[in-house]
Amino acid sequence: MSAPESDRLDPSVWKIAAVALFGGLLSQLDATIVNVSLSNLALDLKVGISTIQWVTSGYLLALTLVLPLNGWFVDRIGAKALYLWCFSAFTLASALCGLAWSANSLIAFRVLQGLCGGLLAPMAQMMIARAAGKHMARVAGYVSLPVLLAPIFGPIIAGAILQYASWRWLFLVNLPVGAIALLMAILFLPSDKQDTRRRPLDWLGLALLSPGLALFLYGAERIVQPAGGATFAAGIAMMTAFLWTARRKGDDALVDLRLFRGKVFSAAAVTQFLSNGVLFAGQMLLPAFLIQAVGRAPADMGWMLAPAGLGMMLVYPSMGMLTDRFGIRRVSAGGALLALLATATLLVLALRGLNLVVLIPALFLRGMGQGAVGLPSLTAAYSSVSRQMMPAATTSLNIVQRLGGPTMTTLCASLLAWKLGSHATGPTVSSAYAWALLLLCALHAFTFVAAMRLPSRLDEVAIREER
């Protein structure tokens, strides 16, 4: 087979990618629409913001609880069957949210929606990896574009619904999208019953890992509070206990830790952990820096931070071409280095004062760099495992990604709070943010080092790991 022919994607890949797209898009769009509508929901349902925020927090914690079950479910009933069940249940739960009669019932139905939809994004990732193979970066680059647009269009859709219709349509709008997605999944997803296998559920691992993840994420957001710190520590303890039991169980563990023995997979997982972490830490630090240290109005945040999103949107569709031409390591490490240099520029602005002529290009380049790190490393991770191990790999990678954000955000936020609250040295607000940005630069540097451990090209990946 000639090179051009071997690089040609089968049309069925794009059909599967279109189905997978709906999973990530619907989940992201739903979360964005609800997040920007919390104040309206509190007013309409006559409760405080501290109560109504559980519409979001309960949903996110429910997503985390079911995440470790992804691999076991795929092995047990198959990817297509699981995807159909998830989408059907998510759509039904959306209808229940739209019919909620009180804040408590809405929160309960949102938790149910999170339990049903928690596997949609990991499943979408795995289906693209299975179908696209070595072309995952190319396909996932295009599929990720609409998901990046969700935070832009979510507030617009939410605003229109709240102005012209009842808040119930914030959830009922999912019904037609879910119906279309179900029809596409039935028509386009290939059957994978032949890949199913019966294996016992690791109940002890589930009892340790799922609550441990939820406690870790919940505590990370409230780390400054005594209860939050205790919850955070409890989450770490439970996850540590899971690692100890999983090492002994091997193939029977909820998450097969033997995956991390592979050099490619472990390097890709560390890169995913760090890149996702610096992304979320930056999303926390930069708006706070512009408001608290520079004195910009919150209303300015949209247009001032938009260049970062535009940079990511620009680079995503080019991922296939870039990795084919330059290789996985160069693209991923180059993106990490570009993000590091752009963040270092922001550090200089914190020390010398805001300059929009410098800020806008720096954010744009940071977005480009961030966008170039993740997909190549994800492609390397999936290329290093067998098809049979992909469900377990998906579970592991998504857990690693989910842990990166709160871990790095907590580190940066803790340093910032310490510097802002330290009266011994009397730091100014800008210098406190400079220390936090310096830590963020160090985390970007670690991301670059991790990306340099990735293989140069996919054909250098060792023989796929078999059980």
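Remember, predicted model here, so these are calculated numbers, not experimental data.

A. A look at helix H17 (residues 319-326). If you check which residues of H17 are buried, you get Met 319, Gly 320 and Thr 323. Around the axis of H17, the buried residues are gathered within 100° of arc, so they sit on the same side. Gly 327 occupies a position one or two residues after H17 and carries a positive phi of about 95°.

B. Focus on the pattern of salt bridges. If you walk through the whole model with that rule in mind, you get 2 salt bridges. Measuring nitrogen to oxygen at the nearest pair gives 3.0 Å for the salt bridge that ties Arg 258 to Asp 256. Overall, Arg 258 belongs to the partly exposed group, its relative accessible area being 34%. Classification of Asp 256 by relative accessible area gives buried; the value is 4%.

C. Broad picture of the packing of helix H2 (residues 11-35) against helix H9 (residues 120-132). Direction vectors running N to C along H2 and H9 enclose 170°, while the axes themselves pass 8 Å from each other. One element, H2, and the other, H9, form an angle in the roughly antiparallel class. The residues of H9 that touch H2, namely those facing Val 13, Ile 16, Ala 20 and Gly 23, are Leu 120, Ala 124, Met 127, Ile 128, Ala 131 and Ala 132. Here the residues of the contact of H2 with H9 are counted per class, giving 9 nonpolar, 1 polar and no charged.

D. Molecular detail of the state of the cysteines. The final tally for this structure, using the stated rule, is 0 disulfides. Take Cys 86: it sits in no disulfide, and the sulfur closest to it among the cysteines is that of Cys 116, at 7.7 Å.

E. How the structure looks around the packing of aromatic side chains. On inspection of all chains with the given rule, the structure shows 8 aromatic pairs. Here Trp 101 and Phe 109 contribute two aromatic rings whose centre-to-centre distance is 5.9 Å and whose plane-to-plane angle is 80°, an arrangement assigned as edge-to-face. Classification of Phe 109 by relative accessible area gives buried; the value is 17%. Ring geometry for Phe 289 and Tyr 433: centres 5.8 Å apart, planes at 55°, overall tilted. One end of the pair, Phe 289, is in helix H15 (residues 263-293); the other, Tyr 433, is in helix H21 (residues 429-451), with 144 residues separating them in the sequence. Its relative accessible area of 6% is what places Phe 289 among the buried residues. The class of Tyr 433 is buried, set by a relative accessible area of 1%.

F. Molecular detail of the environment of Leu 172. Counting through the fold element by element, Leu 172 comes out in helix H11 (residues 169-172). Separated by 81 residues in sequence, Leu 172 and Thr 91 place their C-alpha atoms 8.7 Å apart.

G. Expanded view of a nonpolar patch on the surface. Residues Leu 65, Val 111, Leu 112 and Leu 115 make up a contiguous nonpolar surface patch of about 260 Å² in total accessible area. Ranked by residue count, the leading element in the nonpolar patch is helix H8 (residues 103-117), at 3 residues. Structurally, Leu 115 is set in helix H8. Here Leu 115 falls in the partly exposed class, since its relative accessible area comes to 36%.

H. A look at the nonpolar core. Core analysis: the biggest nonpolar cluster contains 65 residues, and Tyr 83, Phe 87, Met 123, Ile 128, Met 136 and Tyr 382 have the highest contact counts within it. When residues of this core are assigned to their parent elements, the largest contribution, 8 residues, is made by H9. Residue contacts for Ile 128: discarding those within four places in its chain leaves Ala 20, Gly 133, Met 136, Val 139, Ala 140 and Val 143.

I. Main features of the layout of surface pockets. Size it by volume and the second largest pocket reaches roughly 470 Å³. Lining the second largest pocket are 16 residues, with Leu 243, Leu 257, Phe 260, Val 400 and Leu 403 positioned closest to its centre. Elements supplying a minimum of two residues to the lining of the second largest pocket: helix H13 (203-221), helix H14 (226-249) and helix H20 (390-421). Grouping the constituent residues of the lining of the second largest pocket by class yields 14 nonpolar, 2 polar and no charged.

J. Just the packing of helix H7 (residues 79-98) against H8, in detail. At a minimum axis separation of 8 Å, H7 and H8 run at an interaxial angle of 170°. Judged on the interaxial angle alone, H8 and H7 are roughly antiparallel. Contacts between H7 and H8 pair Cys 86, Ala 89, Phe 90, Ala 93, Ser 94, Leu 96 and Cys 97 from the former with Leu 106, Phe 109, Arg 110, Leu 112, Gln 113, Cys 116 and Gly 117 from the latter. Partitioning the contact of H7 with H8 into residue classes produces 10 nonpolar, 3 polar and 1 charged.

About the cut-offs
- Residues numbered from 1 in each chain as written.
- Predicted model: local features only at pLDDT ≥ 70, side-chain atom pairs only at ≥ 80, totals over all residues.
- Heavy atoms only, no water.
- Buried < 20%, exposed > 50% of the residue type's maximum accessible area, 1.4 Å probe, protein only.
- Helix = DSSP H or I, 4+ residues; strand = E, 2+ residues; numbered from the N terminus.
- Arc of directions from axis to C-beta.
- Salt bridge = Lys/Arg side-chain N within 4 Å of Asp/Glu carboxyl O.
- Axes fitted to C-alpha atoms, helices over the stretch in contact; angles between N-to-C directions.
- Parallel < 35°, antiparallel > 145°, perpendicular 65-115°, else oblique.
- Contact = heavy atoms within 4.5 Å.
- Nonpolar A, V, L, I, M, F, W, Y, C, P; charged D, E, K, R; others polar.
- Disulfide = S-S within 2.5 Å.
- Phe/Tyr/Trp six-rings, centres within 6.5 Å; stacked < 30°, edge-to-face > 60°.
- Patch = residues over 30% accessible without salt bridge, like charges linked within 9 Å, V, L, I, M, F, W, Y side chains within 5 Å.
- Areas by Shrake-Rupley, 256 points an atom, 1.4 Å probe, with all protein chains shown as cover.
- Core = buried A, V, L, I, M, F, W, Y, C linked by side-chain atoms within 4.5 Å.
- 1 Å grid on protein atoms, 1.4 Å probe; cavity = no way out; pocket = protein on both sides within 12 Å on 5 of 7 lines; lining within 4 Å.
- Points joined across faces, edges and corners; volume = space filled by probe spheres on them.

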